[in-house]
Amino acid sequence: AARKKSGYELQTLTGWLLRQEMKGEIDAELTIVMSSISLACKQIASLVQRAGISNLTGVQGAVNIQGEDQKKLDVISNEVFSNCLRSSGRTGIIASEEEDVPVAVEESYSGNYVVVFDPLDGSSNIDAAVSTGSIFGIYSPNDECIVDDSDDISALGSEEQRCIVNVCQPGNNLLAAGYCMYSSSVIFVLTLGKGVFSFTLDPMYGEFVLTQENIEIPKAGRIYSFNEGNYQMWDDKLKKYIDDLKDPGPTGKPYSARYIGSLVGDFHRTLLYGGIYGYPRDAKSKNGKLRLLYECAPMSFIVEQAGGKGSDGHSRVLDIQPTEIHQRVPLYIGSTEEVEKLEKYLA
Ligand code: P6P
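Since the model is a prediction, treat every value here as computed from it, not as a measurement.

## What about the overall build of the protein chain?
Line of reasoning, step 1. Looking only at helices and strands, the protein chain features 11 helices and 13 strands.
Line of reasoning, step 2. Buried positions account for 50% of the 347 residues belonging to the protein chain.
Line of reasoning, step 3. For the protein chain, long-range pairs separated by at least 24 residues make up 64% of all intrachain contacts whose partners lie at least 6 apart in sequence.

## Side note on the sheet that holds strand 12 (residues 309-311)
Line of reasoning, step 1. Strand order in the open sheet made by the five strands is 10-9-11-13-12, with mixed pairing throughout. Unpaired on one side and paired on the other, strand 10 (256-257) and strand 12 mark the two borders of the sheet.
Line of reasoning, step 2. One ladder, built from four bridges, connects strand 11 (residues 276-279) with strand 13 (residues 331-334); its direction is antiparallel. Note on strand 13: the bridge partner recorded for Tyr279 is Leu331.

## What about the site of the ligand?
Line of reasoning, step 1. In the vicinity of the ligand, the contacting residues are Asp121, Gly122, Asn227, Tyr259, Gly261, Ser262, Leu263, Tyr277, Tyr279, Lys289, Leu290 and Glu295.
Line of reasoning, step 2. In the environment of the ligand, an oxygen atom lies 2.9 Å from a nitrogen or oxygen atom belonging to the side chain of Asn227.
Line of reasoning, step 3. One of the side-chain N or O atoms of Tyr259 is found 2.6 Å from an oxygen atom in the ligand.
Line of reasoning, step 4. Contact with the protein chains removes 79% of the 390 Å² of surface that the ligand exposes when unbound.

## A word on the UniProt feature "domain: Fructose-1-6-bisphosphatase class 1 C-terminal" (unreviewed entry) in the protein chain
Line of reasoning, step 1. Feature annotation in UniProt places "domain: Fructose-1-6-bisphosphatase class 1 C-terminal" (unreviewed entry) on residues 217-346, given in this structure's numbering.
Line of reasoning, step 2. Within residues 217-346, the helical portion is 35% and the strand portion 12%, while the C-alpha atoms at the span's ends are 23 Å from each other.

## Focus on the nonpolar core
Line of reasoning, step 1. Val167, Tyr179, Phe267, Leu271, Met299 and Ile302 are the most contacted members of the largest nonpolar core, which has 43 residues in total.
Line of reasoning, step 2. Per-element accounting of this core gives the leading share, nine residues, to helix 10 (residues 292-305).
Line of reasoning, step 3. Contacts of Val167, omitting those with residues within four sequence positions, involve Ile93, Ala95, Pro102, Val114, Val116, Leu293 and Ile325.
Line of reasoning, step 4. Of all hydrophobic cores here, the second largest spans 39 residues; its members include Ile37, Ala51, Leu192 and Leu210.

## So, the sheet that holds strand 6 (residues 186-191)
Line of reasoning, step 1. Read across the open sheet, the eight strands follow the order 2-1-3-4-5-6-7-8; overall the sheet is mixed. The sheet terminates laterally at strand 2 (103-104) and strand 8 (207-212), the two strands that pair on one side only.
Line of reasoning, step 2. Where strand 3 (residues 113-121) and strand 4 (residues 132-139) come together, six bridges link them in antiparallel fashion. Bridge pairing links Asp121 to Gly133 in strand 4.
Line of reasoning, step 3. Across the face of the sheet, helix 9 (residues 263-273) comes into contact with strand 3, strand 4, strand 5 (176-182), strand 6, strand 7 (196-202) and strand 8 while running at roughly 110° to strand 5.

## Comments concerning the pairing of strand 11
Line of reasoning, step 1. Neither face of strand 11 is left uncovered, since the one carrying Ile276 and Gly278 and the one carrying Tyr277 and Tyr279 both have all their residues buried.
Line of reasoning, step 2. Direction of pairing for strand 9 (residues 223-225) relative to strand 11: parallel, over a ladder of two bridges. When the bridges of strand 11 are listed, Ser225 appears paired with Tyr277.

## Here's the deal with unusual backbone geometry
Line of reasoning, step 1. Within the chain, Ala129 stands out as a residue other than glycine whose phi angle is a positive 55°.
Line of reasoning, step 2. Here Ala129 falls in the exposed class, since its relative accessible area comes to 70%.
Line of reasoning, step 3. Residues other than glycine seldom take positive phi values, yet Asn214 does so here, at roughly 45°.
Line of reasoning, step 4. Within the fold, Asn214 resides in the loop between strand 8 and strand 9.
Line of reasoning, step 5. Given the relative accessible area of 46%, Asn214 is considered partly exposed.

## Focus on helix 5 (residues 73-88)
Line of reasoning, step 1. In a regular helix each residue adds 1.5 Å, so 16 residues correspond to 22 Å; helix 5 covers 22 Å between its end C-alpha atoms and thus fits that length.
Line of reasoning, step 2. Leu73, Asp74, Ser77, Asn78, Val80, Phe81, Ser82, Cys84, Leu85 and Ser88 are the residues of helix 5 that are buried.
Line of reasoning, step 3. Following helix 5 by one or two positions, Gly89 has its phi on the positive side, about 70°.

## Side note on a nonpolar patch on the surface
Line of reasoning, step 1. The grouping of Leu10, Met204 and Tyr205 at the surface amounts to a nonpolar patch, some 360 Å² of accessible area in total.
Line of reasoning, step 2. Within the secondary structure, Tyr205 is located in the loop between strand 7 and strand 8.
Line of reasoning, step 3. What makes Tyr205 partly exposed here is its relative accessible area of 40%.

## What to know about the pairing of strand 6
Line of reasoning, step 1. The buried fraction of strand 6 is high, at six of six residues.
Line of reasoning, step 2. Going residue by residue along strand 6, you find Val186, Phe188 and Leu190 tucked away on one face and Ile187, Val189 and Thr191 tucked away on the opposite face as well.
Line of reasoning, step 3. Pairing of strand 5 with strand 6, which is carried by six bridges, proceeds in the antiparallel orientation. The residue bridging Tyr182 from the neighbouring strand is Val186, located in strand 6.
Line of reasoning, step 4. In sequence, strand 5 turns back onto strand 6 through a hairpin of three residues.
Line of reasoning, step 5. Strand direction decides the pairing type here: strand 6 and strand 7, joined by five bridges, are antiparallel. Residue Leu190 lies in a different strand from strand 7, and its bridge partner there is Phe197.
Line of reasoning, step 6. Two successive antiparallel strands, strand 6 and strand 7, enclose a turn made up of four residues, where Gly193 displays a positive phi of approximately 95°.

What counts, and at which threshold
- Residues numbered from 1 in each chain as written.
- Predicted model: local features only at pLDDT ≥ 70, side-chain atom pairs only at ≥ 80, totals over all residues.
- Heavy atoms only, no water.
- Helix = DSSP H or I, 4+ residues; strand = E, 2+ residues; numbered from the N terminus.
- Buried < 20%, exposed > 50% of the residue type's maximum accessible area, 1.4 Å probe, protein only.
- Contact = heavy atoms within 4.5 Å.
- Pairing = 2+ DSSP bridges.
- Near = heavy atom within 4 Å.
- Polar contact = N/O pair within 3.5 Å; in protein donor to acceptor, adjacent residues only side chain to side chain.
- Areas by Shrake-Rupley, 256 points an atom, 1.4 Å probe, with all protein chains shown as cover.
- UniProt positions renumbered as here; feature names shortened; annotations may be inferred.
- Core = buried A, V, L, I, M, F, W, Y, C linked by side-chain atoms within 4.5 Å.
- Axes fitted to C-alpha atoms, helices over the stretch in contact; angles between N-to-C directions.
- Expected span 1.5 Å × (residues − 1).
- Patch = residues over 30% accessible without salt bridge, like charges linked within 9 Å, V, L, I, M, F, W, Y side chains within 5 Å.
- Salt bridge = Lys/Arg side-chain N within 4 Å of Asp/Glu carboxyl O.

Here it is as structure tokens:
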């Protein structure tokens, strides 16, 4: 009855993807890649939700019942993601936060798409059952991508060079991006370049069900999400910005601080409630902590599709041409008015 009231006939992610394909928004190949990613996320969701239990059933602590070394969840999540992408038969190159270099999918299974992902971001939070997430981005192959011909690239074999060139594309080239948040509910959020959609996993039958269409981030929001433990190491302009957020001002109400310490959780709240999430550069890490390819660029694509902004403090994250796979950039992302206000302080 609730569903009838809401006017949603039940749309699963699979059904929604097929509808986009029929509308010509995506081709059949990309549909298959997206489905393989959603399968990986469902498998990771069940691993995360049983982390404590499977640890117990690991019986001998570090060795599991098959006598193999108990692998850390982010290593297992990486294997799950890689295997699902490989068996989709539509993925050509994968780059993971967990792998040193991007890898080409073996010839027999190889397809077109280039997929970058962080299989389990925030995994240090697992033991305390705090939200975690998987983040991904999908590109078309692009052999001509300009990457500065730094000698360490030219020293690599041609196949490795080809993989790196194909992966090091600016976020502007993204065809699709998304994340799956493992929290009080499992929520799959994605954009194919025409709006942002969210799907909630219905544990009753293991399908992602459409719950929000064309998500729009509030233009402004009075929540800021920074790790203020680093305050002393930030530059003065940023300190001034943070200090002013705490000024109750004429309304008598300062901004609220919310920080989960897990990008996907902090981002998802910002996307729905508005505000700003920031991971600045600081005295100890001159480019901040977050990775451009599989954290900052996919999240920036999503937030721009929702009407928000993703900045490195001075320019659009999506304009940045990556020069190495695991390069870090400072990230300020969220409501347009909040990000623009921050950029004025840092100018
Ligand atoms: P800090 C998790 O390790 C992560 O990569 C993001 O998910 C999170 O936003 C950030 O690092 C937290 O880092 O330094 O505040 O603990």
